[in-house]
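# Architecture at a glance
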Amino acid sequence: MRYNIFYDIMTKLWVIYMSLKNNDEFFKINQDILNNEKFRKLDCELHHGITRFGHSQRVAKCTFRICKKLHLDYEKATRAALLHDFYLDEDFTIEKQRQILSAHPNVALINAKHYFEINDMQANIIKAHMFPLNGVLPKYKESWVVTFVDKGVALYEMYRFKASLAINVLMIFVFNMITLNR
Ligand SMILES: [Fe+2]
Ligand SMILES: [Fe+2]
């Protein structure tokens, strides 16, 4: 019994240590991007019920873990994953707002190249992350990882957003029912 508790505590401490270690490496790899003035503005852009900054970080962190486990080029892939949605709504004119879904990977790549060094693999990761919607094929294993991770994260975020919205509406409804009956 004691052994189990001890083992449990040691395992948890190890997980915390590893996550802090990985986080540290994650921030070291992406420090310049996370401190970039334009990139910080993504924190004011709504995306899947959270901010585009939060979404991009979530995709990048998952990419970091998966690519590292698969012995892929996780540093380059993580940076590209962080930049995959690097656009502001103001980058699109009102007439072009409808094209955001298909055109934002190109705009994200233009922005990424403007501020950072981007190699061919990273360019493909950014351009192909909406595959198959915009017809650009992922050419690298890292591109496939990001396109799958982006979709998984988007589904999770949208589901979570809708679930919390439903709970809020339900709570307002219950509150109104209680106060009306008084
Ligand atoms: Fe996107
Ligand atoms: Fe995305």
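What this report covers is the structure whose coordinates are included nearby. None of the values given here were measured: they were computed from a predicted structure.

Along the backbone of the chain there are 7 helices and 2 strands. The burial tally for the chain puts 27% of its 182 residues in the buried class.

By the element assignment, Glu157 lies in helix H7 (residues 141–180). In the structure, Glu157 is positioned 107 residues away from Ile50 in sequence and 7.5 Å away in space, judged by C-alpha atoms. Each residue touching Glu157, except ones within four places of it in the same chain, is listed here: His48, Gly49, Ile50 and His55.

A few words on H7. Under the 1.5 Å per step criterion, the end-to-end length of H7 is 58 Å for 40 residues, consistent within 8% with the ideal 58 Å. Inspection of H7 places Glu142, Ser143, Val145, Val146, Thr147, Val149, Asp150 and Val153 among the buried residues, and these make up the whole buried set. In this structure, the buried side of H7 is in contact with helix H3 (52–69), helix H4 (74–82) and helix H6 (120–127).

Okay, the environment of Ser143 next. Structurally, Ser143 is set in helix H7. Given 24 C-beta atoms within 10 Å, Ser143 falls into the buried group. Separated by 18 residues in the primary sequence, Ser143 and Ile125 have C-alpha atoms spaced 4.4 Å apart. Beyond its immediate chain neighbours, meaning those up to four positions away, Ser143 contacts Asn124, Ile125, Ala128 and Pro138.

Within soluble globular proteins, side chains that are nonpolar generally end up buried alongside one another. By size, the foremost hydrophobic cluster in this structure holds 27 residues, and its most contacted members are Ala77, Ala81, Leu83 and Val146. Of all elements in the fold, only helix H1 (2–34), H3, H4, helix H5 (100–115), H6 and H7 reach the threshold of two or more residues within this core.

About the cut-offs
Residues numbered from 1 in each chain as written. Chains lettered and ligands numbered in written order. Predicted model: local features only at pLDDT ≥ 70, side-chain atom pairs only at ≥ 80, totals over all residues. Helix = DSSP H or I, 4+ residues; strand = E, 2+ residues; numbered from the N terminus. Buried ≥ 20, exposed ≤ 12 C-beta atoms within 10 Å, placed from the backbone. Contact = placed C-beta atoms within 7 Å. Expected span 1.5 Å × (residues − 1). Core = buried A, V, L, I, M, F, W, Y, C linked by C-beta atoms within 7 Å.

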